[in-house]
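So you can see what is in the structure, the chains are spelled out below.
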Amino acid sequence: MSAATVSRLGWLALVPASLCAGAGALFAAGRLPLLITLPWVPAAGAELTLHVDALALLFVLLITGIGTFVFVYAAGYSADDPGRRRLFALLLVFMVAMIGCVTADNLLALFAFWELTSVVSFLLVGHHFDTESARKSAQQALLVTGGGGLALLAGLVLLAETGGSYSLVALLQSAPGWIDDPRVTPALACIFIGTFTKSAQFPFMFWLPNAMSAPTPASAYLHSATMVKLGVYLLCRLHPAFGSLLLWQEVLIVVGGFTSVVGMLLTLRERDLKRILAWSTASALGTITLLIGIPGDGAATATAALLLAHAMYKAPLFFVAGNIDHATGTRRIDDLSALAPLMPFTAVAALLAAVSMAGMPLSFGFIAKDLVSLAKAEGSVYPWVGYSSLVVSAISVAVAGVAAIRVFWHRGGLAPGPDVREGSVALWLPPLLLAGLGVVLGPLPHLLDPLIGAAAEAMRPRLEYAGLRFSLEDGAALGAVSAAALAGVVVFLNWDRLHRLLERVSWLDRFSPLSGYQALLRGIPATAAVSTRLFQHGGLSGYTAILIGAVVSAVGLAWTVARPPLPAPGAWPDLAVIGASALLVMVAISVCVVRDSFLLLLVSGFAGLGSAIVFLFLGAPDLAFTQFAVEVAFVAVTAAILLRLRRAGPTGPAPRPSALRALLALGSGAAVAAVLLAAVEGPANRLLSGFFSAQSVPQAQGRNVVNVIIVDFRALDTLGEIAVVGASLLAALPLLRLAAGLARRDGGRR
Amino acid sequence: MTPRSGMLDVVGRVLYPAMLLGSVWILLRGHNAPGGGFIGGMVAVAATAALAVADGTASARRRMLLEPLRLAAAGVLLAILSGLPALLAGKPFLTHLWFDVPLGAGSLALSTVYVFDLGVWATVWGALGGLCLQVIGLDERTEVAVSGANGGVTPVERERRETRA
């Protein structure tokens, strides 16, 4: 099964590696915070400002550091995948988008990069686009995160309008001045939706396990280590402004705490190793969200430490799951057992990562877990949050056990096939190194002090950083760890029993947010069907009624709101204009009486004639000419169509006059009159007409201003227009020829 | 069909040439007096439509300057060409140039603007005239076929029977 080859595309890992080294050097040189301004659209005055502070740098290091391992791993994982070029291209695009998102200073640039990561995630989840489930999951991921992105945009715009700036730095600095604005609450609500969808928080968490149809490198990179942490990043970023708001604290603590428990419980309902890991990722993100909501210095430090620790154990676990899948062809934990002798390196990597995930002493996970419980104790949070953390810790110990012990050492399930063996070095080295790093840093956490401290300070200015330390003397921490480990072992041993129990709870499926999402999707075609039946019924008189009714009500509403002044009655117009108006009135009356369609056409032709006469005598001879000519062509063409319709078959009796139609007709007449009266009275802008009148002769040597505008001042527009006129003939000819052919055939048959 | 041939004479011999002449006149006076390519073209379209109703589309098509689609294309081409001399003179595309041609006592002002307007006129006549011909022809062809199939019953006659039934 396993390929012994490594794709040469793996050299691309040098890109994130060098970026990571550069970012590290930048940090070591103490050049933070850094503002880099790049011209973007100089003509519009838009520029791209990158703001690199310690928080951004922590994320950049995560993105490029984990990215290096992911690129190497992908080279081994996709060596015999024909779509590997696309995979690497998308991973590169994703990395750039992520770096852009965490360093962008402008809110709209941040949003653009944010959405770009959603799009790349969509493409990666749908990498195996020939399977239906992958396509569905991709669509789900895009709809949830993309929809959340729209809410985020609304929130960011509202925030920027409230704070008076689109620059994050400026907004955070001026925060005390606008924090009491009533618009802050709706803005925050929108931002919460955006960040919760991205970071898979309740109730939007269901897309994350389904996104596991992505290739494993993408799952490890996007859906565990980096992209899903964007929501958390934005919350961290905004923390200095909102951290003291009660709304902020309550929402984050409740949603984050609930997600961390529910996510962990839901791991028990899964058999697929990657889906188990995905739910535990959602749970960990919930814990981070909860921490951001807790006020206090310890919470900020714990957030930064957990961000790092989670990436260092979850990404290797995903790599391990991918290796197992690669070697055995399955990720179902029932079909896997006793893999350790066959895949020794992967087994060791899994063990190292599991130690950190379970929060056992001597690992960086222990440090993070210790900080988390300290922060919870320090901030006065709800009691249920404290109890729930025992559940979360216990199950995460069990999940770590399933991923590292059950599938590798447990003997009981199916025996592995004969051709199962360790993959290429690119497959086992990244998880081994990354998980090893997570353990080595355990006893030496002070190496990370400068980074974690600076990042925590970016979240919480004037923070007193206590420093990371490793000690086994802290009785409380050890007690908590041993309690969790004990409970975890119990859960681990009863995993199958708990699984069966939870699987039988069917209301979890029926009332889950996922079923709500599915009902929503089913509702779209149903709504479309109803609206089509209502508005697209194919009856011309119905369309006309809706159109006119809408115009009349819009004008009526505008009129009642604005109440424009009416023009005073002026002098009597010319006799010719009076005559033409009389003609128009007579036409209008006879249109109501005549029932024959040809006669009706002829009569309405007279209406055009009458208005042409009015134009002629009111000083618009150009318009009068056009009106005459258009009227002649219109009557001729419509007569031809009417004849053709009549011959195609009986059209049924003409509709009877009804009160509704009469009302609509009167209303539309009144609406047009109202608009005209208001327009005449309103002040007209004479700037342009003045310019054209003055410049027509000196610049274009023509006295007919209308024509000079058409052929000279705006000649390019006219060129475009006549091109469209010509193209319309090109477009209509085939259709009309087809119709003529059909008509000939029909006629011949009759 | 006496009434129809009488109308044919009036439209074909008098009205159509007169309308076309008027159309060109409107086109040429456009720069300094009401008129121009759009309006002139529209009058030509009306002439074509009137002729098509009176004498059939085939005849109206024959009496257009060019095949409608070609006429429209030629119009767009003329409009583009009128903008090119400006490029040679180092000015932006479609900047119109004026030349005074001395003619005895006075002089004649010529300009690329007239070429442009001619292009507009030709496009409007070709495209909209072509559309009118096609739509009017839609009915005409059935008429021939129906009368053939029904043994010489004219459409008007047929219609009268149908309404009575």
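Parameters at a glance
Residues numbered from 1 in each chain as written. Chains lettered and ligands numbered in written order. Predicted model: local features only at pLDDT ≥ 70, side-chain atom pairs only at ≥ 80, totals over all residues. Heavy atoms only, no water. Helix = DSSP H or I, 4+ residues; strand = E, 2+ residues; numbered from the N terminus. Buried < 20%, exposed > 50% of the residue type's maximum accessible area, 1.4 Å probe, protein only. Contact = heavy atoms within 4.5 Å. Areas by Shrake-Rupley, 256 points an atom, 1.4 Å probe, with all protein chains shown as cover. Axes fitted to C-alpha atoms, helices over the stretch in contact; angles between N-to-C directions. Left-handed = near helix turned anticlockwise from the far one by under 90°. Nonpolar A, V, L, I, M, F, W, Y, C, P; charged D, E, K, R; others polar. Buried area = accessible area lost by both parts, 1.4 Å probe. Salt bridge = Lys/Arg side-chain N within 4 Å of Asp/Glu carboxyl O. Polar contact = N/O pair within 3.5 Å; in protein donor to acceptor, adjacent residues only side chain to side chain. Core = buried A, V, L, I, M, F, W, Y, C linked by side-chain atoms within 4.5 Å. Phe/Tyr/Trp six-rings, centres within 6.5 Å; stacked < 30°, edge-to-face > 60°. Patch = residues over 30% accessible without salt bridge, like charges linked within 9 Å, V, L, I, M, F, W, Y side chains within 5 Å.

### Description of the overall build of chain A
Then, number 1: Counting its regular elements, chain A contains 31 helices and two strands.
Then, number 2: In chain A, which comprises 750 residues, the share counted as buried stands at 48%.

### Here we look at the overall build of chain B
Then, number 1: From N to C terminus, chain B includes six helices and two strands.
Then, number 2: Listed N to C, the secondary structure of chain B is α-α-α-α-β-β-α-α in terms of helices and strands.
Then, number 3: The burial tally for chain B puts 46% of its 165 residues in the buried class.
Then, number 4: Within chain B, residue pairs in contact and separated by at least 24 positions form 59% of the contacts whose partners lie at least 6 positions apart.
Then, number 5: Element-wise, carbon and sulfur atoms account for 68% of the exposed surface of chain B, whose accessible area totals about 8000 Å².

### Points about the packing of helix α4 (residues 107-125) of chain A against helix α8 (residues 184-198) of chain A
Residues and elements named next belong to chain A.
Then, number 1: In contact at an axis separation of 12 Å, α4 and α8 are set at 30 degrees when each is read in the N-to-C sense. Seen from above, α4 lies across α8 with left-handed handedness. Between α4 and α8, the contacting residues are Trp114, Thr117 and Ser118 on the first element and Gly194, Thr195 and Lys198 on the second.
Then, number 2: The class makeup of the residues in the contact of α4 with α8 is one nonpolar, four polar and one charged.

### Considering the interface of chain A and chain B
Then, number 1: Chain A puts 48 residues into the contact, and the matching count from chain B is 57 residues.
Then, number 2: Both faces combined, the contact of chain A with chain B buries some 4500 Å², and carbon together with sulfur accounts for 72% of it.
Then, number 3: For the pair chain A and chain B, the number of links is zero salt bridges.
Then, number 4: Here chain A is connected to chain B by five residue pairs in polar contact (both at pLDDT 80 or more).

### Observations regarding the nonpolar core
Nonpolar side chains in soluble globular proteins generally cluster together in the buried interior.
Then, number 1: Counting residues in each nonpolar core, the largest one holds 171 residues, and the members touching the most others are Trp207(A), Tyr221(A) and Phe242(A).
Then, number 2: If one sorts the elements of this core by residue count, helix α14 (residues 297-328) of chain A sits on top with 20 residues.
Then, number 3: Those residues in contact with Tyr221(A) that lie beyond four places of it in its chain are Ile63(A), Ile66(A), Gly67(A), Val70(A), Phe71(A), Leu91(A), Phe94(A), Met95(A), Thr226(A) and Met227(A).
Then, number 4: Judged by nonpolar contacts, the second largest core, of 46 residues, contains Ala732(A), Ala44(B), Ala49(B) and Ala60(B).

### A closer look at the packing of aromatic side chains
Residue and element names in this part refer to chain A.
Then, number 1: In the structure shown here, the tally under the stated rule is 18 aromatic pairs over all chains.
Then, number 2: A centroid spacing of 5.1 Å and a plane angle of 75 degrees characterise the contact between Phe59 and Tyr233, whose relative ring orientation is edge-to-face. Linking Phe59 in helix α2 (residues 54-77) with Tyr233 in helix α11 (residues 230-242), this pair joins segments that are 174 residues apart in sequence. Across the pair, exposure class does not vary: Phe59 and Tyr233 are buried alike.
Then, number 3: Centre to centre, the rings of Phe345 and Trp428 are 4.0 Å apart; their planes meet at 20 degrees, and the pair counts as stacked. On the criterion of sequence distance, the pair formed by Phe345 in helix α15 (residues 344-357) and Trp428 in helix α18 (residues 425-440) is long-range, its members being 83 residues apart.

### With respect to a nonpolar patch on the surface
Then, number 1: Together, Leu716(A), Leu77(B), Ile80(B), Leu81(B), Leu84(B), Leu87(B) and Phe93(B) make up an exposed nonpolar region whose accessible area comes to about 600 Å².
Then, number 2: With five residues, the top contributor of residues to the nonpolar patch is helix α4 (residues 68-88) of chain B.
Then, number 3: Along the polypeptide, Phe93(B) turns up in the loop between α4 and β1 (98-103).

### Quick word on the pattern of salt bridges
Residues and elements named next belong to chain A.
Then, number 1: This structure, assessed with the given rule, holds 15 salt bridges over all chains.
Then, number 2: A salt bridge links Glu270 to Arg275; its shortest N-O distance comes to 3.0 Å.
Then, number 3: With relative accessibility at 13%, the residue Glu270 sits in the buried group.
Then, number 4: Close ionic contact of Arg332 with Asp334 constitutes a salt bridge, the shortest N to O distance being 2.9 Å.
Then, number 5: Judged by its relative accessible area of 25%, Asp334 falls in the partly exposed class.
Then, number 6: Connected through shared salt-bridge partners, Arg271, Arg332, Asp334, Asp335, Arg406 and Asp496 make up one network.

### Let's talk about the side chain of Thr330(A)
Residue and element names in this part refer to chain A.
Then, number 1: Take Thr330: it is sitting in the loop between α14 and α15.
Then, number 2: Looking at Thr330, its side chain comes within polar contact range of the main-chain nitrogen of Arg332, at 3.1 Å.
Then, number 3: Non-local contacts of Thr330, meaning those with residues more than four positions away in its chain, are made with Ile324, Asp325, Asp335 and Leu336.

### A look at unusual backbone geometry
Residue and element names in this part refer to chain A.
Then, number 1: Omega for the bond connecting Phe202 with Pro203 falls within 30 degrees of zero, at 5 degrees, which places this linkage in the cis form.
Then, number 2: By secondary structure assignment, the location of Pro203 is in the loop between α8 and α9 (207-210).
Then, number 3: At Ala200, a position not held by glycine, the phi torsion is positive, near 50 degrees.
Then, number 4: Here Ala200 is to be found in the loop between α8 and α9.

### Comments concerning the environment of Pro39(A)
Residues and elements named next belong to chain A.
Then, number 1: Looking at the element boundaries, Pro39 is found in strand β1 (residues 34-41).
Then, number 2: Its relative accessible area of 65% is what places Pro39 among the exposed residues.
Then, number 3: Measuring from C-alpha to C-alpha, the distance between Pro39 and Thr49 comes to 8.5 Å, with 10 residues separating the pair along the chain.

### Observations concerning the environment of Ala299(A)
All names here are of chain A.
Then, number 1: Mapped onto the secondary structure, Ala299 falls in helix α14.
Then, number 2: For Ala299, a relative accessible area of 2% puts it in the buried group.
Then, number 3: Those residues in contact with Ala299 that sit more than four places away from it in its chain are Leu291, Ile294 and Ala375.

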